Amino acid sequence: MKKVLIIVYITVLFSVLIFTQCAGNNSSKEGKTTEGENHMSVTNLTKADFLTKVADYEKNYGEWKYLGDKPALIDFYADWCGPCKMVAPILEELAEEYDDRIYIYKIDTDKEQELATAFGIRSIPTLLFIPMGGQPQMAQGAMSKADFKKAIDEVLLNKQ
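Everything numeric here is computed off the predicted structure, so don't read it as measured data.

Asker: I would appreciate a short explanation of helix H5 (residues 145-156) in the present structure.
Answerer: In an α-helix, one turn spans 3.6 residues, which is why side chains three or four residues apart end up on the same side. Taking 1.5 Å as the rise per residue, H5 with 12 residues should run 16 Å; its terminal C-alpha atoms sit 15 Å apart, in good agreement. Burial in H5 covers these residues: Phe148, Ala151, Ile152, Val155 and Leu156. For H5, the angular spread of the buried residues around the axis is 100 degrees, confining them to a single face. Summarising the geometry of H5, the exposed residues directed more than 90 degrees from the buried face are Ala146 and Lys150.

Okay, structure coming up:
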């Protein structure tokens, strides 16, 4: 019941291009910030990280309460997913371009199955756009860099 309520609260669908479903076998690039670098990078999240950085859906049952201090984009992915591998370098570029204006996170659905289930992830990549105010919006499928930028500007940064 708890998972159903969470899904109801966050699954306002955001119309985007659905590219294709996943297939493939190779692992994708994981983003990490190395010591001494000044730019942001894509950050991998575990359930524990999600509960402290994004939303504690266990504590705040039935309501969305974002814990971050700037908008976020979360990529639900898997290492074996072809379209996920196409999205990964785009997200790395966007993390550098949008630097301190947004967070970009990744959640490996194979390792974090509870999170994937809680958010109703049925195909990957699935992207969760979390603005500072209002409800998150989900999109499914690979997107071009231009589509990502448009969604970030309009949904996360409120630039019309």
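Asker: What's the story with the pattern of salt bridges in this structure? I'm lost.
Answerer: When charged atoms on two side chains of opposite charge get close, those side chains can pair. Applying the stated criterion across every chain yields a total of five salt bridges. Here Glu58 makes a salt bridge to Lys47, at a shortest N to O gap of 2.6 Å. Separated by 11 residues along the polypeptide, Glu58 in the loop between helix H2 (47-53) and strand E3 (72-77) and Lys47 in helix H2 bring together distant segments of the chain. Relative accessible area serves as the criterion here: at 35%, Glu58 is assigned to the partly exposed category. For Glu97, the salt bridge identified is with Lys145, shortest N-O distance 2.4 Å. Separated by 48 residues along the polypeptide, Glu97 in helix H3 (residues 82-98) and Lys145 in helix H5 bring together distant segments of the chain. Taking relative accessible area as the criterion, Glu97 reaches 33% and is therefore assigned partly exposed. Look at Lys145 and you get partly exposed, because its relative accessible area is 25%. Salt bridges sharing common partners tie together Glu93, Glu97, Lys145 and Lys149.

Asker: Quick question: what am I supposed to make of the packing of aromatic side chains here?
Answerer: Think of a pair of aromatic rings as described by two things: how far the centres are apart, and how the planes are tilted against each other in angle. Summed over all chains, the structure comprises five aromatic pairs. Plain terms: the ring middles of Phe76 and Phe119 are 5.8 Å apart, the flat faces sit at 40 degrees to each other, and that makes the pair tilted. A residue pair is termed long-range when its members are at least 10 positions apart, and Phe76 in strand E3 and Phe119 in the loop between helix H4 (113-118) and strand E5 (126-130) qualify at 43 residues. Look at Phe119 and you get buried, because its relative accessible area is 1%. Connected via pairs of aromatic rings, a cluster forms that spans Phe50, Tyr57, Phe76 and Phe119. Across from the ring centre of Tyr103, 4.5 Å away, lies the NZ or CZ of Lys70, which sits over that ring. Its end group placed over the ring of Tyr77, Lys106 keeps NZ or CZ at 4.2 Å from the ring centre.

Asker: Where do I start with the state of the cysteines in this structure?
Answerer: Simply put, the disulfide is a covalent bond whose two ends are the sulfur atoms of two cysteines. Applying the stated criterion across every chain, the model contains one disulfide. Bridging Cys81 to Cys84, the disulfide has an S-S length of 2.5 Å. Disulfide Cys81-Cys84: the torsion about the S-S bond is 75 degrees, which places it as right-handed. With respect to class, Cys81 is no different from Cys84; both count as buried.

Conventions used here
- Note that residues are indexed from 1 along each chain, following the sequence as it is written.
- Owing to the predicted nature of the model, reporting of local features is limited to residues with pLDDT of at least 70; listing and counting of side-chain atom pairs is limited to 80 or more, with chain, interface and lining totals taken over all residues.
- As a convention, hydrogens and water are excluded, and side-chain values are obtained from all of the structure's heavy atoms.
- Put simply, DSSP marks the helices as runs of H or I at least four residues long and the strands as runs of E at least two long, and each gets a number from the N terminus on.
- What a helix should span is 1.5 Å times the count of its residues minus one.
- Only protein chains enter the calculation, and the probe is 1.4 Å; a residue is then buried if its accessible area is under 20% of its type maximum, exposed if over 50%, and partly exposed in between.
- An arc is given here, and it is the one of the directions from the helix axis to the C-beta atoms.
- Criterion for a salt bridge: a side-chain nitrogen of Lys or Arg within 4 Å of a carboxyl oxygen of Asp or Glu.
- For Phe, Tyr and Trp, rings pair up if their centres lie within 6.5 Å, where Trp contributes its six-membered ring, and each pair is then called stacked (planes under 30 degrees apart), edge-to-face (over 60) or tilted (otherwise).
- Ring-over charges, as used throughout, are those where CZ of Arg or NZ of Lys falls within 6 Å of the ring centre and within 35 degrees of the ring normal.
- By convention in this document, the label disulfide applies to cysteine sulfur atom pairs within 2.5 Å.

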